[in-house]
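What follows is each chain in one-letter form.
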Amino acid sequence: MHPADSSSPASPSLVRTLPAVRHTLLRAIYALFVLATVVLFFAARSYGQRAADGSYDHLLQASALSMADSVALVQGQWQVDLPYAALDVLAMAPEDRAFYRIVGPDGRTITGYDDLPAPPAGLPSDAAAKPLFFDQGYRGQLVRFAMVPRYIAGGAGAGLVWVQVGQTRLARDALAADIVLRATAAIVALMAGVFCLLWLGVQRALRPLALLEQELLARPASALHPVTSPVPQELAQTVRALNGFMQRLSVNLDALRTFIAEAAHQMRTPLAALIAQAQEGLDDDDPAAQRQSLQAVERNALRLRRLLNQLLSDASVTHQDQLQRFAPVDLLVLLQEALHDVVPRAEPRPVVRLWWQPHVDAERFLLSKNELLAIDYQALEPEKIPDESPAAWMMGDALMLREAFKNLVDNALKHGRPEQGPVDVTVSAELDAATGLAHWCVAVDDCGPGVPDAEQARMFERFARGAGAAPGGAGLGLAIVQRVVLGHGGTLQAGHRKSEPAGTVVGWRVCMRLHAQVPQETGAGAEPASPSVRRGIA
């Protein structure tokens, strides 16, 4: 396959990506800095304008006050001796033009430019009024004016005199522009420096990701140990999830390797016996001996088929256990399907009965009012099952539970001596007095000798077979059952089967206890089958 083939599972093109975190952060920081720079520019321009106006307004006010001091009323005549110092103050801005005007109490111009514009709000008549400052256009230029009041006493005609001094804005606008330019240059330099520091910070913050990437890329495919590279706290949960995933993958791979090794080991013996029996039959000229060899071949083939079925069942259960895809299932339906698959149809037919016990005090009722066994195996057909059949709902994996039931019943048929008595499969509802939770008990009773006490500790281990076990078993059935029960959060118990009411030991019993957890959306017919609910089902 070509490395660039998009259909390859390892193709990078299959990875759904979002914009790089580095670029996203830098773009956001860049946009924030541009916005901050614009805001600071307008703030600096406002400050520069106010600073320039404040400085030159003081000059205008000082010049106006000097002129006001030179105004006098002598014998009813106004006398003005303009001070040169006042004009020299205005001459500090050589490119600007200056204008002045002195207005008497009657509003007439005493001296100066008679056409200077008045304040927009008019002149106040109060002698304690403060100096006025305003901008007005005059002779084609914007001029800044200052008006200072001064009360002149001296007889007739005395009153409030206003001295108005104006100056074009060339010098103050140049000062404001210089302040704004210097402030803007400082702001841009500061923002550029901070942006560079943040860029370095982002690079440093993302460096653990690069180290993690290098560690994972440098690993061989078989290295599934936890990640050792230090990561920031924000990535700790992600790395824990990654370590957990690799741990589960490692467990699966170990289970697969163990399964392959055990399968190869378990299949080698029956295959060798099968080949040996076939060769012996081919080499023997006696028809009776050939028939015996063929019968031995058939036994080994059946044993091999059973072993293969159990190995496949074990692998399927292991796979489903990892998926944990639980859904509402009816245990009675699964048991019917399992019995249909596992109970042999050929003679001699073992007797297998399926029982439904809705309450511990109630009598046992046969499912579908028939004994579901080889005597009438057609009762297991779907069309033979009445619609009003009871149900035992729970949340579980149908495939895993069906495989567990098949292995449990098959184990009873294999080792439970069905020729001495029937194999009874009973589904009963029980209520845990400690927790108050309802659960199902699926018990399989046989008439076999069971497992000796000394070997009971190993009875649920894979490929573990007791010393007195019947030939043909692989030691996988109870191990599969235990895995399914543990995967569903249940418990598994095994012990001697006792007759009632005598209490004598008559066989062996294995009981699976599974939680009766049923969601409400399963409908009215799927209500939790607590003992009280199932009490009246017959």
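Structure's up top.
The shown structure was predicted, so the numbers you read here are calculated from the model rather than taken from an experiment.

**What about the overall build of the protein?**
Next, step 1: For the protein, the count of helices and strands is nine helices and 15 strands.
Next, step 2: In the protein, buried positions account for 38% of the 538 residues.
Next, step 3: At a minimum sequence separation of 6, the contacts of the protein that also span at least 24 residues come to 63%.
Next, step 4: Just so you have it, the protein exposes about 30,700 Å², and 58% of that area is on carbon and sulfur atoms.

**Notes on helix α9 (residues 477-487)**
Next, step 1: Across the 11 residues of α9, eight count as buried, placing the element largely inside the fold.
Next, step 2: Within α9, the full set of buried residues consists of Gly477, Leu478, Ala479, Ile480, Val481, Val484, Val485 and Gly487.

**Focus on the nonpolar core**
Next, step 1: Leu331, Leu401, Phe405, Val425, Trp440 and Met512 are the most contacted members of the largest nonpolar core, which has 51 residues in total.
Next, step 2: If you tally residues by element for this core, the top one is helix α8 (residues 398-415), at eight residues.
Next, step 3: Among all residues touching Met512, those that are not within four sequence positions of it are Ala404, Phe405, Leu408, Trp440, Cys441, Val442, Val481, Val485, Thr491 and Leu492.
Next, step 4: In this structure, Ala64, Val71, Tyr100 and Ile152 belong to the second largest nonpolar core, which totals 16 residues.

**Section: the state of the cysteines**
Next, step 1: Inspection of every chain in the model, using the stated rule, returns one disulfide.
Next, step 2: Between the sulfur atoms of Cys441 and its disulfide partner Cys511 the distance amounts to 2.3 Å. On the criterion of sequence distance, the pair formed by Cys441 in strand β13 (residues 438-446) and Cys511 in strand β15 (residues 505-515) is long-range, its members being 70 residues apart. Comparing Cys441 with Cys511 shows no difference in burial state: the two are buried.

**Thoughts on the environment of Val165**
Next, step 1: Position of Val165 relative to the elements: it lies in strand β7 (residues 159-168).
Next, step 2: Judged by its relative accessible area of 0%, Val165 falls in the buried class.
Next, step 3: Considered as a pair, Val165 and Leu90 are 75 residues apart in the sequence and their alpha carbons are 9.4 Å apart.
Next, step 4: Once you skip the residues sitting within four places of it in the chain, Val165 turns out to touch Leu60, Ser63, Ala64, Met67, Leu90, Phe99, Tyr100, Arg144, Phe145 and Ala146.

**Structural notes on the environment of Gln141**
Next, step 1: Among the secondary structure elements, Gln141 is positioned in strand β6 (residues 141-152).
Next, step 2: Residues in contact with Gln141, not counting those within four places in the same chain, are Arg97, Gln136 and Thr168.

**Some details on the pattern of salt bridges**
Next, step 1: Under the defined criterion, the tally for this structure stands at 18 salt bridges.
Next, step 2: With a shortest N-O distance of 2.3 Å, Arg257 and Asp254 are connected by a salt bridge. Here Asp254 and Arg257 lie together in helix α5 (residues 236-283), a separation of three residues that amounts to about one turn.
Next, step 3: Within this structure, Asp53, Asp57, Asp135, Arg144, Arg169, Arg172 and Asp173 form a network of salt bridges that share partners.

**Considerations on the packing of aromatic side chains**
Next, step 1: Considering all chains together, one arrives at eight aromatic pairs under this definition.
Next, step 2: Aromatic pair Phe99 and Tyr138: ring centres 4.9 Å apart, planes at 80 degrees, arrangement edge-to-face. Residue Phe99 is located in strand β3 (residues 98-103), and its partner Tyr138 is located in strand β5 (residues 132-138); the two are separated by 39 residues in the primary sequence.
Next, step 3: For Phe99, a relative accessible area of 2% translates into the label buried.
Next, step 4: With 5.5 Å between their ring centres and 25 degrees between their planes, Phe134 and Phe145 make a pair best called stacked. With Phe134 in strand β5 and Phe145 in strand β6, this pair connects stretches of sequence that are 11 residues apart. Phe145 matches Phe134 in its accessibility class, with the two residues each being buried.

**Comments concerning the packing of helix α1 (residues 21-69) against helix α3 (residues 170-205)**
Next, step 1: Their axes nearest at 8 Å, the elements α1 and α3 cross at an angle of 160 degrees. In terms of their interaxial angle, α1 and α3 are classed as roughly antiparallel. When you trace α1 past α3, the crossing you get is right-handed.
Next, step 2: Its residues assigned to classes, the contact of α1 with α3 comprises 28 nonpolar, five polar and six charged.

**Some thoughts on the packing of helix α7 (residues 331-342) against α8**
Next, step 1: With their axes 9 Å apart at the nearest point, α7 and α8 run at an angle of 50 degrees to one another. If you check the angle between α7 and α8, you find them oblique. In this structure, α7 meets α8 at a crossing whose hand is right-handed. Contact residues: α7 offers Leu331, Leu334, Leu335, Glu337, Ala338, Leu339, Asp341 and Val342, while α8 offers Ala398, Leu401, Arg402, Phe405, Lys406, Val409, Asp410 and Leu413.
Next, step 2: Residue classes in the contact of α7 with α8 are distributed as 11 nonpolar, no polar and five charged.

**A look at α8**
The periodicity of an α-helix, 3.6 residues per turn, causes residues three or four positions apart to be oriented the same way.
Next, step 1: In a regular helix each residue adds 1.5 Å, so 18 residues correspond to 26 Å; α8 covers 26 Å between its end C-alpha atoms and thus fits that length.
Next, step 2: Between the side-chain oxygen at the start of α8 and the backbone nitrogen of Leu399 there is a gap of 3.0 Å, and the oxygen is on Asp397.
Next, step 3: Looking one or two residues past α8, Arg417 carries a phi angle of roughly 50 degrees, positive in sign.

**Re a negative patch on the surface**
Next, step 1: On the surface, Glu280, Asp283, Asp285 and Asp286 cluster together into a negatively charged patch.
Next, step 2: In this structure, Asp285 sits in the loop between α5 and α6 (287-323).
Next, step 3: On the accessibility criterion, Asp285 (71% relative accessible area) is exposed.

Definitions and cut-offs
Residues numbered from 1 in each chain as written. Predicted model: local features only at pLDDT ≥ 70, side-chain atom pairs only at ≥ 80, totals over all residues. Heavy atoms only, no water. Helix = DSSP H or I, 4+ residues; strand = E, 2+ residues; numbered from the N terminus. Buried < 20%, exposed > 50% of the residue type's maximum accessible area, 1.4 Å probe, protein only. Contact = heavy atoms within 4.5 Å. Areas by Shrake-Rupley, 256 points an atom, 1.4 Å probe, with all protein chains shown as cover. Core = buried A, V, L, I, M, F, W, Y, C linked by side-chain atoms within 4.5 Å. Disulfide = S-S within 2.5 Å. Salt bridge = Lys/Arg side-chain N within 4 Å of Asp/Glu carboxyl O. Phe/Tyr/Trp six-rings, centres within 6.5 Å; stacked < 30°, edge-to-face > 60°. Axes fitted to C-alpha atoms, helices over the stretch in contact; angles between N-to-C directions. Parallel < 35°, antiparallel > 145°, perpendicular 65-115°, else oblique. Left-handed = near helix turned anticlockwise from the far one by under 90°. Nonpolar A, V, L, I, M, F, W, Y, C, P; charged D, E, K, R; others polar. Expected span 1.5 Å × (residues − 1). Polar contact = N/O pair within 3.5 Å; in protein donor to acceptor, adjacent residues only side chain to side chain. Patch = residues over 30% accessible without salt bridge, like charges linked within 9 Å, V, L, I, M, F, W, Y side chains within 5 Å. Lys, Arg positive; Asp, Glu negative; His and termini not counted. Charge placed at Lys NZ, Arg CZ, Asp CG, Glu CD.

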